[in-house]
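Chain residues, written in single-letter form:
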Amino acid sequence: MTMTDEALMQAVQRGDLAKLGALFDRHHLAVFDFLARMTGSRAVAEDLVQDVFERILKYRATWRGDAPFPAWLFRIARNARADHYRRREFTATYTDAMDGEDPAPGPEDRLESENEAARLQRALLRLREDKRELIVLARYREMKYEAIAELLGVDVATIKVRVHRALKELRDIFLTLESRPTCAVKTSLSSSRTI
Amino acid sequence: MRCEDVSLKLSDYLAGRADTAERAAIEKHLEGCPACLSETEGLASLWRSLGEIPAPAPDSQGMRARIDAAIEHERFASNRTSAPAQRRFLANHPLVAACAATLVLAVGVVLGRATERAPAATPEVAALHQELRDLKQMVTLSLMQQQSASERLRGVSFSNQVDGSGDEILAALLDTLKHDTNVNVRLASVDALKRFAERDVVRRAAVDALDTQRSPLVQMALIDFVVETQDRGAVGALRRLSESAANETVRTRAAWGIEHLGVES
């Protein structure tokens, strides 16, 4: 029988560290996707995924098992990303450039072709971080608003309003990047109702 | 339903999470409200377009290999910390560990001065020295397990002040060279390992590291290390570096190393 995430984590806590590999296999793509969309850099996201799972190892004793494992995992992922940017501010001169460690989101990791998806990606990266996070969680992680509310520590109604506002702001940024005179986001009502 | 209600429900509507009654109410409102209709159309299209941004693909295999290495590292570190509860405590309390390091240094200086004029040390003084050595070792090892790279760096530097052969310190330094994620800490471990350079295990680890380390700075330090210790067993690894290292300075330095070990490159 397949072990639940929580059972695997309890095994890790008891010292069966190899079980972390199974948790990694199950969740690393979701964590990577979240971090890659938040940072705009595949390389940074891969480093942060490593950091997240190392933190799980290091702080395994603090896992209490009273919340679903993915909620704990995403809390750690958010902290890892925040710490990464904090470290970058303070340790820019400490970084070994020769090693290529700690790369800034680079053009090689972005979609370069000037198609609509690429422009929208750029718009997303220009959106303020807290708003980008809401969209990434709601749209790409398909997280329920209740789960996002719990993760961010605010009530559900506030999350819904904030997602709406973040989308409007994203649309405005997207439109400023739009080179063509016609707006790509104008479509027919019938298509919008098929969501 | 009013325009404000649509705003509140729109995120559910876009995500397809509005129930049938809510959807019907929203759509009924949109039929009679051009402003909300336009807003909803735009955001719905944006929501769909967001789904068209391709998902980036990670190097899952490489990441899994690094996690496996981290698990091994943690297993090793756990074994090292399983005996002394004091070290576990210090590992979890970096500030206390830092204070302890300073205190141990201060006590060492005072004790050294107090006993240097007493060549015939009493058993009590000898015991005190031993306790100080143990304490230094414990603080060093706990610093080397901190999450902060700068604390680990302090631990590696502090290891030079631990007297004696210090097998545990040696094992920790070798582990740091092999597994530490921070290049500056790995670099410091190469320096710290120099005082153990006569040990076969250290020479072997340095040669292995020449093949596995990818940081040019660490590679350069290792080349200097094997030249300083005149380790002719490193020639093969140096040759590989001189031919295929990604960095040109490293390739040149490796060729220089081969020459200095008395071998034609």
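Residues numbered from 1 in each chain as written. Chains lettered and ligands numbered in written order. Predicted model: local features only at pLDDT ≥ 70, side-chain atom pairs only at ≥ 80, totals over all residues.

K.L.:
So what's going on with the overall build of chain A? Which residues, and what values?
P.N.:
Each helix and strand counted, chain A has nine helices and zero strands in total. Reading chain A from its N terminus to its C terminus gives the helix and strand order α-α-α-α-α-α-α-α-α. By the burial criterion, 34% of the 195 residues in chain A qualify as buried. (Helix = DSSP H or I, 4+ residues; strand = E, 2+ residues; numbered from the N terminus. Buried ≥ 20, exposed ≤ 12 C-beta atoms within 10 Å, placed from the backbone.)

K.L.:
Account for the overall build of chain B, with residues named and values stated.
P.N.:
Summing up its helical and strand segments, chain B has 14 helices and zero strands in all. Traced from its N-terminal end to its C-terminal end, chain B shows the element sequence α-α-α-α-α-α-α-α-α-α-α-α-α-α. When the 265 residues of chain B are sorted by exposure, 37% land in the buried category. Here the analysis covers contacts within chain B between residues at least 6 apart in sequence; of these, 60% occur between residues at least 24 apart. (Contact = placed C-beta atoms within 7 Å.)

K.L.:
Can you tell me about the confidence of the model for chain A, naming the residues and giving the values?
P.N.:
Residues and elements named next belong to chain A. Overall, the predicted model of chain A reaches an average pLDDT of 79, with 76% of residues at or above 70. Averaged pLDDT values over the elements of chain A bottom out at 36 in helix α9 (residues 189–192) and peak at 94 in helix α2 (residues 19–39). In this model residues 90–113 is a low-confidence stretch, pLDDT under 50, and it forms 33 contacts with partners more than four residues away in sequence or in other chains. Residue range residues 181–195 is modelled with pLDDT below 50. Its contacts to residues more than four positions away, or to other chains, number 27 contacts. (pLDDT = per-residue confidence, 0-100.)

K.L.:
Explain the interface of chain B and chain A residue by residue, including any values.
P.N.:
On the side of chain A, 45 residues touch chain B, which itself brings 44 residues to the contact. At the level of secondary structure, the elements contributing two or more residues to the side of chain B that touches chain A comprise α1 (3–14), α3 (34–50), α4 (60–81), α10 (183–192) and α12 (216–228) of chain B. The element best represented in the side of chain B that touches chain A is α3 of chain B, accounting for 11 residues.

K.L.:
Lay out helix α6 (residues 129–140) of chain A in plain terms, naming residues and giving numbers.
P.N.:
Residue pairs spaced three or four apart in an α-helix point in one direction, given the helix's 3.6 residues per turn. For α6 of chain A, which comprises 12 residues, the first-to-last C-alpha distance of 15 Å matches the rise-based estimate of 16 Å (1.5 Å per residue) to within 8%. Along α6 of chain A, the residues that are buried comprise Arg132, Glu133, Leu134, Ile135, Val136, Leu137, Ala138 and Arg139 of chain A. If you follow the buried residues of α6 of chain A, they end up packed against α2, α5 (116–126), α7 (145–152) and α8 (156–177) of chain A together with α3 of chain B. Once α6 of chain A finishes, Glu142 of chain A follows within two positions and takes phi at roughly 50°, a positive value. (Expected span 1.5 Å × (residues − 1).)

K.L.:
Describe the packing of α7 of chain A against α8 of chain A, naming the residues involved and giving the relevant values.
P.N.:
Residue and element names in this part refer to chain A. Between α7 and α8, the least distance of the axes is 9 Å, while the angle of their chain directions is 105°. By the angle between their axes, α7 is roughly perpendicular relative to α8. When α7 is examined against α8, the residues Tyr145, Glu146, Ile148 and Ala149 are found in contact with a partner set consisting of Val156, Ile159 and Lys160. Residue composition of the contact of α7 with α8, by class: five nonpolar, no polar and two charged. (Axes fitted to C-alpha atoms, helices over the stretch in contact; angles between N-to-C directions. Parallel < 35°, antiparallel > 145°, perpendicular 65-115°, else oblique. Nonpolar A, V, L, I, M, F, W, Y, C, P; charged D, E, K, R; others polar.)

K.L.:
Break down helix α3 (residues 42–58) of chain A for me, with residues and values.
P.N.:
In a regular helix each residue adds 1.5 Å, so 17 residues correspond to 24 Å; α3 of chain A covers 24 Å between its end C-alpha atoms and thus fits that length. In terms of burial, α3 of chain A is largely enclosed, as 14 of its 17 residues are buried.

K.L.:
So what's going on with the confidence of the model for chain B? Which residues, and what values?
P.N.:
Residue and element names in this part refer to chain B. Averaged over all residues, the pLDDT of chain B is 81; the fraction at 70 or higher stands at 81%. Across chain B, the element-wise mean pLDDT spans from 59 in helix α5 (residues 85–92) up to 91 in helix α13 (residues 235–244). Here the predicted complex carries an ipTM of 0.74, next to a pTM of 0.55.

K.L.:
Now, about the nonpolar core: what can you tell me, with residues and values included?
P.N.:
Among the nonpolar cores identified, the biggest contains 59 residues, and Leu35, Val49, Ile135 and Leu170 of chain A are the most heavily contacted of them. Apart from residues lying up to four places away in sequence, Ile135 of chain A is in contact with Leu124, Ala166, Leu167 and Leu170 of chain A together with Leu50 of chain B. Listed in part, the 41 residues of the second largest apolar core include Leu153, Phe158, Val162 and Leu187 of chain B. (Core = buried A, V, L, I, M, F, W, Y, C linked by C-beta atoms within 7 Å.)

K.L.:
Can you explain the packing of helix α8 (residues 149–158) of chain B against α10 of chain B? Please cite residues and give values.
P.N.:
Residue and element names in this part refer to chain B. It is at 9 Å that the axes of α8 and α10 come closest, and there the two elements cross at 0°. Overall, the two elements α8 and α10 adopt an arrangement that is roughly parallel. Across the interface between the two elements, Ala149, Arg152, Leu153, Val156 and Ser157 of α8 pack against Asn184, Val185, Ala188, Ser189 and Ala192 of α10. Residues that form the contact of α8 with α10 fall into these classes: six nonpolar, three polar and one charged.

K.L.:
Please provide a residue-by-residue account of unusual backbone geometry, values included.
P.N.:
Residue and element names in this part refer to chain B. With phi around 50°, Gln230 is a residue other than glycine that occupies positive phi space. Relative to the helices and strands, Gln230 is located in the loop between α12 and α13. A count of 11 C-beta atoms within 10 Å places Gln230 in the exposed class.

K.L.:
Lay out the environment of Ala209 of chain B with the relevant residues and their values.
P.N.:
Residues and elements named next belong to chain B. With respect to the element layout, Ala209 can be found in helix α11 (residues 200–212). C-beta crowding within 10 Å serves as the criterion here: with 23 such atoms nearby, Ala209 is assigned to the buried category. Between the C-alpha atom of Ala209 and that of Lys178, which follows or precedes it by 31 residues, the distance is 7.0 Å. Discounting chain neighbours no more than four positions away, the residues touching Ala209 are Leu177, Lys178 and Leu222.

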